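# Breakdown of the fold
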Amino acid sequence: MRKVLIVCPATPGWPEWPMGMAYVLACLDRAGIRFDFVDMGVTPDWERRLVGLLKSERYLAVCSGGLIGFHAFFRRIADLTRRHCPGASFILGGHIIRDGNDTLLFETVGMDYGYFGEAEIAFPRFLEALDRGEDFSDIPGVLFRKDDGTVVRNPQSRLDLTQENILPAWRYFDCDFYIRNSSFAFLGDHLRYMPILSGRGCVGRCGFCSPSLGGFRKRPIAHVIEEIEHLNARYDYDTLCFLNEMFYPRAREVREFCEAYLRVPDRKQWFAQLRVDSNLDVDTLRLMREAGCIAVSVGIESGSDKILRNMNKKISSDQTRRFFANCREAGMPASGTVIVGYDGETEDDLRQTFDLLIEEDISSGEAMLFAYQGTEVYAEALRRGLIADETAHLDACSGNLFQADAREVFCNLTDMDDDTFFRVAHREVRRYYRHLYDTCSVADLTYEVKTSWRWTRAAMRGKCRHCGQPVSHEFVMFGGRYMGSLGPGVDRNVICPKCFRPLAYNPFEAVNLAGDAAHLRKFRAEAAGCERIVLCGVNANLDFVLRTDLFGLDYDRIVGVHPLTPMEGKFYTRYPLVDAERLVGLRPDGLVILDETADPAALRALFADRGAPVPAILRASGDALAERVRSSACLVCKVNRATLRYLGMSAREIVSAPLRLLRRAGRATATSTTKVK
């Protein structure tokens with residue numbers, strides 16, 4: 001049988017354990033099918049690597065698969081396959097086959113065949129039939145198109161997980177890379193975890209989701225323990241992550257696992273995702289803590305019982321409150337996510353959701369509803385005519401309520417118009433963040449700027465207000481362009497590594513930025529007198545200002561966003577994007593400067609030269625922080641000019657210079673790291 005080429009997709013800059021693909025490779029191994037493998041997550045120039053393989057081997061098929069959000073990657077892989085390995089079939093698997101419609105799969109992406117369901121059932125058998133040119137109309141889970149264009153989806157079967165303990169083939173992956181870069185929302189990026197499954201599927205049938213396999217099937221606990229011991233013997237990691245959609249559906253099964261795991265020597269700490277209706281009592285949660293569980297997370301989705309019914313979530317807000325109350329009593333760190341913008345949602349529904357988060361003091365984050373193929377909300381959006389172009393809708397896939405084009409990509413199924421939805425949703429998120437700043441603000445905060453010839457980084461350090469753990473966070477402030485100096489504020493991945501509480505970084509409370517707290521008070525007083533405000537600068541500072549109410553702004557008085565440099569689009573979230581001419585025409589009386597490298601005098605001249613009233617200039621950063629930003633920017637510019645002189649190159653030529661040459665020049669013209677104190 002000819003070889004196949006397996007390509008594992010990845011989100012650039014966001015490595016995630018490819019659990020499903022590891023099981024696919026395991027089943028090919030067991031069947032003796034030869035394959036080459038490209039993991040895009042650890043292959044920087046994956047396209048060149050892929051083309052090289054396609055040109056060097058006559059493959060039977062090129063296979064990939066995953067979430068529907070990877071459709072653009074799959075489209076590119078299909079194109080490269082046709083161009084460089086003609087005759088090889090392109091086969092897709094995973095969620096995209098379950099969820100995608102025939103037009104997306106065969107026309108937009110350009111696949112030849114699909115396989116849905118568990119690979120162990122029949123995927124090797126399908127490849128063997130394809131190689132021999134045999135009929136596969138009776139092979140479970142195969143999706144294909146007949147000569148007359150008719151699409152056939154063979155019914156899938158489910159694997160009996162009790163018969164054999166099948167382990168993922170992690171030996172084909174750079175596990176050290178994934179362990180080193182592993183992170184998890186509301187738990188942070190310090191966990192060094194490896195994933196494991198307690199079962200497959202989910203008992204839920206939520207309207208916004210399409211489960212991977214359907215109903216939940218539990219692995220025998222003995223099999224799970226055996227896999228844990230296998231991982232412990234072979235890999236250097238600190239934490240186990242139960243990565244399946246739900247850990248166990250009932251408290252009894254959770255207790256059975258904990259009792260078995262307590263007998264394992266050299267136990268690792270672990271965390272899991274649960275459903276609220278697993279009804280874990282305090283004693284069960286305490287047993288989980290005893291067995292090494294460091295945290296749990298659940299899907300809250302909404303605090304409104306009406307919306308929970310619309311979602312078919314099968315839980316109530318009272319159940320959610322009981323779950324988190326039990327976690328607090330048991331000393332179990334717990335978090336949960338919510339969705340905003342659901343079908344039928346009103347202002348009162350949104351208020352109830354964020355009331356629940358605040359009143360129960362829950363570590364959480366919001367996701368804006370994105371309707372994707374295979375879900376009930378997608379079908380409803382199509383029925384209402386809200387999706388004119390299905391491919392363009394998928395290309396715009398995002399759940400970020402505060403991203404620039406959120407208004408354009410949002411598929412509004414709520415009972416509010418777009419203006420009302422974004423006004424209310426933003427307000428409620430700020431109300432929740434205000435709660436986090438009041439309860440989780442980092443204590444004894446210091447702010448340090450580190451500048452080198454290539455970039456400027458900010459380092460914020462302090463102590464967790466709840467447990468006293470030393471904490472820190474670093475971010476790039478300047479690297480070719482100004483990226484923001486106020487920091488993350490609150491972020492779902494910026495978490496205390498000891499108690500797993502959120503960390504709210506408030507740069508105006510930094511003890512070494514003398515006078516910046518007074519600057520914030522002055523800013524609030526001046527902003528209160530402005531009736532028409534424009535935010536100037538598009539960077540992380542803008543996101544900080546929109547998400548937090550630290551600045552005391554009346555957000556209904558904001559009339560636009562001026563990006564300072566040309567930017568496509570009509571809106572930035574709910575606010576119009578305005579160029580220089582439109583900025584003057586708005587007649588603002590206050591400009592909030594979010595880019596410390598911007599020249600306030602130039603903005604004043606823009607109005608004065610046109611005979612328009614010159615608005616008040618309000619800088620978001622305090623004087624001490626602003627001075628550090630400007631000093632670091634000047635140093636970067638000086639070093640880069642010196643680098644150009646050293647190399648005898650123009651600014652345009654330096655862009656394509658080898659990185660090792662630029663590093664050598666940078667070391668010759670500046671110290672490697674200069675601290676701006």
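Please read these numbers as outputs of a predicted model, since none were measured by experiment.

On to the overall build of the protein. From N to C terminus, the protein includes 24 helices and 25 strands. Computed over its C-alpha atoms, the radius of gyration of the protein comes to 27 Å, within 12% of the 26 Å expected for a compact globule of 677 residues. Scored against the burial criterion, the 677 residues of the protein give a buried share of 56%. Intrachain contacts of the protein at a sequence separation of at least 6 include 71% that bridge at least 24 residues. Summed over all atoms, the accessible surface of the protein reaches about 28400 Å², with 47% contributed by carbon and sulfur.

Attention now goes to the sheet that holds strand 24 (residues 616-619). Hydrogen bonds along the backbone pair up the strands of a sheet, which may run parallel or antiparallel. What the four strands build is an open sheet, ordered 20-19-23-24; its pairing is parallel. Each end of this open sheet is capped by a strand with a single partner; those strands are strand 20 (558-562) and strand 24. With strand direction ignored, the average angle separating the axes of adjacent strands in the sheet is 25°. Both strand 19 (residues 533-536) and strand 23 (residues 590-593) contribute to a ladder of four bridges, which runs parallel. Note on strand 23: the bridge partner recorded for Val-534 is Leu-591. Along the sheet, helix 21 (residues 600-608) makes contact with strand 20, strand 23 and strand 24, crossing strand 23 at roughly 155°.

What follows concerns the environment of Leu-104. Relative to the helices and strands, Leu-104 is located in helix 5 (residues 102-109). Of the residues examined, Leu-104 reaches a relative accessible area of 3% and is grouped as buried. Once the C-alpha coordinates of Leu-104 and Thr-391 are considered, the two residues, 287 residues apart in sequence, prove to be 7.4 Å apart.

Here we come to the pattern of salt bridges. Side-chain pairs of opposite charge can arise where the charged atoms are in close proximity. Evaluated as defined, the whole model comprises 53 salt bridges. Where Arg-557 meets Asp-554, a salt bridge forms, and the shortest distance between an N and an O atom there is 3.3 Å. As a salt-bridge pair, Asp-556 and Arg-574 come within 3.2 Å of each other at their nearest N and O atoms. Placement of Asp-556 in the loop between helix 19 (540-547) and strand 20 and of Arg-574 in the loop between strand 21 (571-572) and strand 22 (575-576) is noted, with a sequence separation of 18 residues between them.

What follows covers the packing of aromatic side chains. Counted by the stated rule, this structure contains 37 aromatic pairs. For the pair Phe-354 and Tyr-432, a centre-to-centre distance of 6.5 Å together with 55° between the ring planes defines the contact as tilted. Pair noted here: Phe-354 is in helix 13 (residues 347-359) and Tyr-432 is in helix 17 (residues 418-440), with a separation of 78 residues, a long-range link. The burial state of Phe-354 is the same as that of Tyr-432; both residues are buried. With a centroid separation of 6.2 Å and 80° between ring planes, the pair formed by Phe-544 and Phe-551 is classed as edge-to-face. By relative accessible area, Phe-551 is classed as buried at 1%.

We now examine the packing of helix 10 (residues 282-290) against helix 12 (residues 317-330). How two helices sit against one another is set out by the angle between their axes and by the gap between those axes. Where helix 10 meets helix 12, the closest approach of the two axes is 9 Å, and the angle between their N-to-C directions is 50°. It follows from the interaxial angle that helix 10 and helix 12 lie oblique. Crossing geometry of helix 10 relative to helix 12 is assigned as right-handed. Facing Val-282, Leu-285, Arg-286 and Arg-289 of helix 10, the residues of helix 12 in contact are Asn-326, Cys-327, Glu-329 and Ala-330.

A word on the sheet that holds strand 15 (residues 363-368). On the basis of which strands lie adjacent, the open sheet formed by six strands has the order 8-11-12-13-14-15 and parallel pairing. The sheet is open, and its two borders are formed by strand 8 (193-196) and strand 15, each paired with just one other strand. With strand direction ignored, the average angle separating the axes of adjacent strands in the sheet is 20°. Two elements, strand 14 (residues 334-340) and strand 15, share six bridges in a ladder whose sense is parallel. If you follow Val-340 over to strand 15, its bridge partner there is Met-368. With respect to the sheet, helix 13 is in contact with strand 13 (293-301), strand 14 and strand 15, its orientation differing from that of strand 14 by roughly 170°.

This part is about the side chain of Glu-366. As for its position among the elements, Glu-366 is in strand 15. Within the structure, the side chain of Glu-366 is placed 3.2 Å from the side chain of Arg-547, a separation counted as a polar contact. Every residue in contact with Glu-366, bar those within four places of it in the chain, is listed here: Val-338, Val-340, Phe-354, Leu-401, Phe-402, Val-429, Tyr-433, Arg-492 and Arg-547.

Once that is clear, we can look at the environment of Leu-280. In this structure, Leu-280 sits in the loop between strand 12 (269-274) and helix 10. On the accessibility criterion, Leu-280 (2% relative accessible area) is buried. For the pair Leu-280 and Phe-186, spaced 94 residues apart in sequence, the C-alpha to C-alpha distance is 20 Å.

One ladder, built from two bridges, connects strand 5 (residues 113-115) with strand 6 (residues 142-145); its direction is antiparallel. Bridge pairing in strand 6 places Tyr-115 opposite Val-142. Note: strand 6 against strand 7 (residues 151-153), three bridges, orientation antiparallel. The residue bridging Phe-144 from the neighbouring strand is Val-152, located in strand 7. Between the antiparallel neighbours strand 6 and strand 7 lie five residues, among them Gly-149 with a positive phi of about 95°.

With that out of the way, let us pick up helix 2 (residues 46-56). Residues separated by three or four positions in an α-helix point in the same direction, a consequence of the helix having 3.6 residues per turn. Among all positions of helix 2, only Trp-46, Leu-50, Val-51, Leu-53 and Leu-54 are buried. For helix 2, the angular spread of the buried residues around the axis is 165°, confining them to a single face. Projecting away from the buried face of helix 2 at angles above 90 degrees are the exposed residues Arg-48, Lys-55 and Ser-56. In the core, the buried residues of helix 2 are packed alongside strand 1 (4-8), strand 2 (35-39), strand 3 (61-65) and helix 3 (71-84).

It is worth spelling out the nonpolar core at this point. Within the largest apolar cluster, 187 residues are counted, with the highest numbers of intra-cluster contacts made by Phe-257, Trp-270, Met-288 and Phe-551. Looking at this core, the element that brings in the most residues is helix 17, giving ten residues. Those residues within four positions of Phe-257 in sequence are excluded, and the remaining contacts are Ile-221, Val-224, Ile-225, Ile-228, Phe-242, Phe-247, Tyr-248 and Trp-270. Of all hydrophobic cores here, the second largest spans 34 residues; its members include Ala-10, Leu-53, Phe-90 and Ile-96.

Right, let's get into the confidence of the model for the protein. When pLDDT is averaged across the protein, the result is 90; 93% of the residues are at 70 or more. Confidence drops under a pLDDT of 50 for residues 639-644, and excluding neighbours within four residues, the segment shows 14 contacts in the predicted structure. Between residues 649-677, whose pLDDT stays under 50, and residues either more than four places distant or in other chains, the model counts 42 contacts.

Reading guide: rules and limits
Residues numbered from 1 in each chain as written. Predicted model: local features only at pLDDT ≥ 70, side-chain atom pairs only at ≥ 80, totals over all residues. Heavy atoms only, no water. Helix = DSSP H or I, 4+ residues; strand = E, 2+ residues; numbered from the N terminus. Rg over C-alpha atoms; globule rule 2.2 N^0.38 Å. Buried < 20%, exposed > 50% of the residue type's maximum accessible area, 1.4 Å probe, protein only. Contact = heavy atoms within 4.5 Å. Areas by Shrake-Rupley, 256 points an atom, 1.4 Å probe, with all protein chains shown as cover. Pairing = 2+ DSSP bridges. Axes fitted to C-alpha atoms, helices over the stretch in contact; angles between N-to-C directions. Salt bridge = Lys/Arg side-chain N within 4 Å of Asp/Glu carboxyl O. Phe/Tyr/Trp six-rings, centres within 6.5 Å; stacked < 30°, edge-to-face > 60°. Parallel < 35°, antiparallel > 145°, perpendicular 65-115°, else oblique. Left-handed = near helix turned anticlockwise from the far one by under 90°. Polar contact = N/O pair within 3.5 Å; in protein donor to acceptor, adjacent residues only side chain to side chain. Arc of directions from axis to C-beta. Core = buried A, V, L, I, M, F, W, Y, C linked by side-chain atoms within 4.5 Å. pLDDT = per-residue confidence, 0-100.

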